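# Report on the structure
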Amino acid sequence: MTLDEARQILGVRAGAGRDEVKRAHRRLVLAFHPDHHKGSTQFDEFQKQINVARDTLNREIDRLAESAHSETDAAMETPAPPAPAAAPPQAPRPRARPPAPPGVDEYREISFPFLTMLRGGRTRINVPRPEGTHEMFDVPQGAEVGVLLHVLGGGGRGSPPGDLLLRVVSVETDPVWRPARADEGRALDLVTRPSVTYAQLYSERLLPVQSPWESRSLSGGTIGLPLRANNFGPYQVRGHGARRGGAAGDLLVFLDVVWPERGDGDLAAALWRVQGSPAQGGR
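Residues numbered from 1 in each chain as written. Predicted model: local features only at pLDDT ≥ 70, side-chain atom pairs only at ≥ 80, totals over all residues. Heavy atoms only, no water.

Taking an unreviewed UniProt entry as the reference, the protein chain is identified by name as DnaJ domain-containing protein belonging to Nannocystis punicea.

## With respect to the overall build of the protein chain
The condition that has to hold: Helix numbering and strand numbering both begin at the N terminus, where a helix is a DSSP run of H or I of at least 4 residues and a strand a DSSP run of E of at least 2. Note on contacts: a residue pair qualifies if any of its non-hydrogen atoms lie within 4.5 Å across the two residues. Note that accessible areas follow from Shrake-Rupley with a 1.4 Å probe, and for residues the cover is restricted to the protein chains shown.
Along its length, the protein chain carries 6 helices and 15 strands. Sequence-distant contacts, at least 24 apart, represent 56% of the contacts inside the protein chain between residues at least 6 apart. If you sum the accessible surface of the protein chain, you get close to 18,900 Å²; carbon and sulfur atoms cover 55% of it.

## Quick look at the sheet that holds strand β14 (residues 251-253)
This is how it is decided: Only strands that DSSP links by at least two bridges are regarded as paired with each other. Convention adopted: a line fitted to C-alpha atoms gives each axis, helices being fitted over their contacting stretch, and angles between N-to-C directions are expressed from 0 to 180 degrees.
Strand order in the open sheet formed by 4 strands is β6-β7-β14-β11, with mixed pairing between adjacent strands. The open sheet terminates on both sides in strands that have one partner only, identified here as β6 (177-179) and β11 (235-237). Shown here is a sheet whose adjacent strand axes are inclined to one another by a mean of 30°, direction ignored. Alignment of β11 against β14, held across 3 bridges, turns out to be antiparallel. For Val237, the partnering residue across the bridge sits in β14 and is Leu251.

## What about the environment of Gly239?
In plain terms, the rule: Buried, partly exposed and exposed residues are distinguished by accessible area as a fraction of the type maximum, computed with a 1.4 Å probe on protein chains only: under 20%, between the cut-offs, and over 50%, respectively.
Along the chain, the position of Gly239 falls in the loop between β11 and β12 (243-244). The partly exposed category is assigned to Gly239, whose relative accessible area is 27%. When the C-alpha atoms of Gly239 and Leu188 are compared, they prove to be 9.8 Å apart, with 51 residues separating the residues in sequence. When neighbours within four sequence positions are excluded, Gly239 is seen to be in contact with Ala248, Gly249 and Asp250.

## So, helix α2 (residues 18-31)
Basically, it comes down to this: In this scheme, a helix's expected span is set at 1.5 Å multiplied by one less than its residue total. Each direction from the helix axis to a C-beta atom contributes to the arc, which is the arc of those directions.
For α2, spanning 14 residues, the distance from its first C-alpha to its last is 20 Å, which sits close to the expected 20 Å at 1.5 Å a residue. Regarding α2, the residues found buried are Val21, Ala24, His25, Leu28 and Val29. Taken around the axis of α2, the buried residues stretch over an arc of 135°, which confines them to a single face. Within α2, the exposed residues directed more than 90 degrees away from the buried face are Asp19, Lys22, Arg23 and Arg26.

## As for the sheet that holds strand β4 (residues 148-151)
Pairing is mixed in the open sheet, where 3 strands are placed in the order β1-β5-β4. In this open sheet, the two strands that pair with only one neighbour each are β1 (106-113) and β4. Across the sheet, the mean angle separating the axes of adjacent strands is 35° when strand polarity is ignored. Relative to strand β5 (residues 164-172), β4 is paired through 4 bridges, and the arrangement is antiparallel.

## Concerning helix α6 (residues 265-275)
We apply this condition: Under this definition, polar contacts are N or O atom pairs within 3.5 Å; protein pairs additionally need one hydrogen-donor-capable and one acceptor-capable atom, and for neighbouring residues in sequence, both atoms have to be side-chain atoms.
The backbone nitrogen of Asp266 lies 3.2 Å from a side-chain oxygen of the residue at the head of α6, namely Asp264. Of the residues one or two after α6, Gly276 is the one with positive phi, at around 65°.

## Some words on the pattern of salt bridges
When the charged atoms of two side chains lie near each other, side chains of opposite charge can form a pair. Here is the rule: Criterion for a salt bridge: a side-chain nitrogen of Lys or Arg within 4 Å of a carboxyl oxygen of Asp or Glu.
For the structure on display, the rule yields 16 salt bridges. Salt-bridge contacts for Glu184 lead to Arg178; the nearest nitrogen and oxygen are separated by 2.8 Å. Residue Asp189 is joined to Arg186 by a salt bridge in which the shortest nitrogen-to-oxygen separation is 3.0 Å. Residue classification places Arg186 among the partly exposed positions, given a relative accessible area of 47%. When salt bridges with common partners are traced through the structure, they connect Arg178, Arg181, Asp183 and Glu184 into a single cluster.

## Focus on a nonpolar patch on the surface
Put simply, the rule reads: For patches, a residue must show more than 30% relative accessible area and have no salt bridge; joins then use 9 Å for like charges and 5 Å for nonpolar side chains, namely Val, Leu, Ile, Met, Phe, Trp and Tyr.
On the surface, Tyr198, Tyr202, Phe232 and Trp259 cluster together to form a nonpolar patch covering roughly 480 Å² of accessible area. The topology assignment puts Phe232 in the loop between β10 (222-226) and β11.

## What about the packing of aromatic side chains?
So the rule is basically this: Two rings from Phe, Tyr or Trp (for Trp, the six-membered ring) form a pair when their centres sit within 6.5 Å of each other. Planes less than 30 degrees apart are called stacked, planes more than 60 degrees apart edge-to-face, and all others tilted.
Tallying each qualifying case throughout the model produces 2 aromatic pairs. Considering the side-chain rings of Tyr198 and Tyr202, the 6.1 Å spacing of their centres and the 25° angle between planes classify their relative orientation as stacked. One end of the pair, Tyr198, and the other, Tyr202, are both in helix α5 (residues 198-203), 4 residues apart, so they sit about a helical turn from each other. Taking the relative accessible area as the measure of exposure, Tyr198 reaches 33% and is therefore partly exposed. Overall, Tyr202 belongs to the exposed group, its relative accessible area being 58%. Judged by centre distance (4.7 Å) and plane angle (25°), the ring pair of Tyr198 and Trp259 falls under stacked. Residue Tyr198 is located in helix α5, and its partner Trp259 is located in the loop between β15 (256-258) and α6; the two are separated by 61 residues in the primary sequence. Taken together, the ring pairs connect Tyr198, Tyr202 and Trp259 into an aromatic cluster.

Quick look at the structure:
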């Protein structure tokens, strides 16, 4: 675990001392103790993460302290300059106002649309505040169910303010795209199921398919997909799936074919002329 990751998990600043790391660790241990969340393996895993983060930062604090001690020993070998003359006494300063108490950490369970999870972006959650009950925050790309988001300074008001801990509990489904199942593709692949008529499929027309990475407007965000009469899918559009860690999945297109309604005599006669019957051998 890197130092930046450890600070992000505990919610401490760069250069935090051992006492600050200890307080942050204890606060998270109390908030996510297994006794408060029985039967949840997610909280057990987070307990392990905050312990690793504490140990990582404490090792760095010890290393810096040892380095500073070595520099102090070297400086003691050099004669110190004469002390400056004592400054004249100054008038006593007025007593400062006592600082505000520190803000408390807050925990929320959140959900957001599928496209927000896929692309990342800003979303709104309900957080009680004196100025209102809504607050915006940034969702990182790929924040799936079970991820814990740590918003530094987003908790209760105070000095310093508390942190906001957000657990993703659900992602809203999208009417156009969804993640591919194990029997359909890879973990990063997405699936869409556009409707086409039998006439489009038979004539092998070019079908416009919407990409989740572009606008949904009719003027843009579409990919021309050449249809093949005997193929109901999947058609593979490379690079238009989920994107994570420098890798990108594909968009898998399965066709929902809309057949003509029964009872059209002209259509039935035309089909008989073209295909005949199996007993006659067809054409």
